[in-house]
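# Survey of secondary and tertiary structure
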Amino acid sequence: MRLQRLILAAVSVASAISGADVLPASARAEQALKPQQVRNIAIIGAGAAGSSAAYYLRQYAEEHDLAVNITLFEKTDRIGGRTLTIQPFGIAGLPESVELGASIFIELNAILYNATREFGLETTTREEDGVGGIMVFWDGDKIRFTIDSSRSEWYTKARLVWRYGYFALKKSQTLMHKTIAKFLNLYEPPYFPFKSLTQRVYELELLDETSLTGEEFLQKNKIPDLLSYEFIQALTRVNYASNLAHIHGLETMVSTAPEGAMSVVGGNWRIFDEMVKASHATFLPNTSVTAIDIEEADAPSSGQKYILKTQSSGDSAAVEQTQDVAFDDVVVATPYQFSKITTSNNVLEDAIDEIPYITLHVTIFTSPFELSPAYFKVSPEKRPATVLTTLADGEGPTSGVQGAGKAGFYSISTLRRVGNPRTGKLEYLYKIFSPERVTPELLSDLLGVKVPDTFIGSTEQEAAHEAVEPISWYYPHVFQSYPKGFPRVTFQDPVIRDGLYYTSGMESFISTMETNALMGKNVARLIIDRMMDVDEEKGTMVGELGDDGGRNFLQEEL
């Protein structure tokens, strides 16, 4: 029962600290006469949503002199969820790191961008370093378009206009900005916070974007097929591993909005790590929540509380119960269908929406060889550095494995040059997104040299330490990366019942680090508003202020 004692002690100590830290000096004197009630809040999952929820809970609580104790449960040993970095060559301590998961965000991502400034995190505007070559759009048969970063921006724009037409490009860009502008309203009152994402989609007039496939949405808005299938589809494939026929219009538009792309030096997970630190939450890593139950209230006025049962992650022993630890609010900040959490006593009055996720293989490797110009049928001076893929002529959205088509993969990037610590020589660091494990045959084709059939290990551990010419280091990883973005008009609500919240309903709307962080912030605001008896729809205080409160609470505070 060590884990139970740890959680009990942490909640007790943190409750005492929370009550002292949150109150200002003027309120502490009053507390001697009437102790302030501390609200115990559990967050399950320390990814973007859970970390953001903890961070904003603390921020909002301090703004309103409320005492909260936050306990953050995480089944792994780290913070960041799908933001995950590894060290090249598997050697800890090297200055370079590689993003396996969510690689970039943009300046419009206000939560992430502002957090980097708040926490003093260094950002970089490009992942490639010291690598020449061009970006190619390839269909498995031939290259459809190229972008040479060594040429001027005007040269690239001229070639885009020549290929796709000025009015087509202008119309596409205008459509993207219009769609993103509608979505950004979700950050501000009266649309923030929200108890129903479905209602907000309707109010923001985003139904066309979510109810139509990207293919249908672009056709409805008269975007030419050449631009749609050759260029935009390559972007939906690299961002969401989906062809236009299998992704809704909103995520299609999100895929075309890369302006100001950046990442955090050392890994994007650092944003969420800093959020957790700033939240002063009790962080319990390697702790899986296995069940959520309801504790019946001793008195009608005390309200119901939630009991969490937990166990050490990876421990095959019996579940260590924490029945004596009651939480006023619980935030499930991880996809419920993967959580293995059970519920009882009608905790879930309605089933949580289960959505299909895409299995994405991410392969990182190093090699002294560049990508082969011959394989992509280009001259040596136009050597590809980044390859985005689309479907070849005559292929449908289901061609090949998961619709990858003749190309067989979604993208490959030459990230940068890295020094091989074993040889002291510079090599190329590559990343491949694919629907299945890459084969020695594909690697041989890409590099133009023979990769032995016995090279690929069956597990990350076996493969990560393999060192065979022409591959010096190899690391595969498999993600349940993001939901299949099928069109829909309804979305899982963030409020499951009083005191129980869910963040992953955002995933089928827009799946990004930023939008998950936004849902975490939204849930935090809902919890604080509930503590203060705020009517979310009217933005006014109820209870003590009654009908005469007279102030727009959300407008004033936000």
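Our subject in this report is the structure included herewith.

Parameters at a glance
Residues numbered from 1 in each chain as written. Predicted model: local features only at pLDDT ≥ 70, side-chain atom pairs only at ≥ 80, totals over all residues. Heavy atoms only, no water. Core = buried A, V, L, I, M, F, W, Y, C linked by side-chain atoms within 4.5 Å. Buried < 20%, exposed > 50% of the residue type's maximum accessible area, 1.4 Å probe, protein only. Pairing = 2+ DSSP bridges. Helix = DSSP H or I, 4+ residues; strand = E, 2+ residues; numbered from the N terminus. Axes fitted to C-alpha atoms, helices over the stretch in contact; angles between N-to-C directions. Contact = heavy atoms within 4.5 Å. Phe/Tyr/Trp six-rings, centres within 6.5 Å; stacked < 30°, edge-to-face > 60°.

### Section: the nonpolar core
Among the nonpolar cores identified, the biggest contains 80 residues, and Ile 43, Leu 186, Ile 271, Ile 364 and Phe 509 are the most heavily contacted of them. Counting residues in each nonpolar core, the second largest holds 22 residues, with Ile 147, Leu 160, Leu 212 and Met 253 among its members.

### Here's the deal with the sheet that holds strand E21 (residues 500-502)
Pairing in this open sheet of 6 strands is mixed, and the strands run E9-E2-E1-E13-E21-E20 from one edge to the other. The strands lining the two open edges of the sheet, one partner per strand, are strand E9 (282-284) and strand E20 (495-497). Neighbour-to-neighbour, the strand axes of this sheet turn through a mean angle of 20°, independent of strand direction. Across 4 bridges, the pairing between strand E1 (residues 39-44) and strand E13 (residues 329-332) is parallel. In the sheet register, Ile 41 faces E13, and the bridge partner there is Asp 329. The sheet strands contacting helix H3 (residues 48-63) are E1 and strand E2 (68-73), and the helix crosses E2 at an angle near 170°. Together, E1, E2, E13, E20 and E21 form the strand contacts of helix H16 (residues 513-531), whose direction differs from that of E21 by roughly 160°.

### Concerning the packing of aromatic side chains
For the structure on display, the rule yields 23 aromatic pairs. Between the aromatic rings of Tyr 56 and Tyr 60, the centroid separation amounts to 5.9 Å while the plane-to-plane angle is 35°, which identifies the pairing as tilted. Highlighted residues: Tyr 56 and Tyr 60, both in helix H3, separated by 4 residues, approximately one helical turn. When the centroid spacing of 5.5 Å and the interplanar angle of 80° are considered together, the rings of Phe 491 and Phe 509 count as edge-to-face.

### What to know about the side chain of Lys 182
If you trace the backbone, Lys 182 turns up in helix H6 (residues 166-184). Once you skip the residues sitting within four places of it in the chain, Lys 182 turns out to touch Leu 204, Glu 205, Leu 206 and Glu 209.

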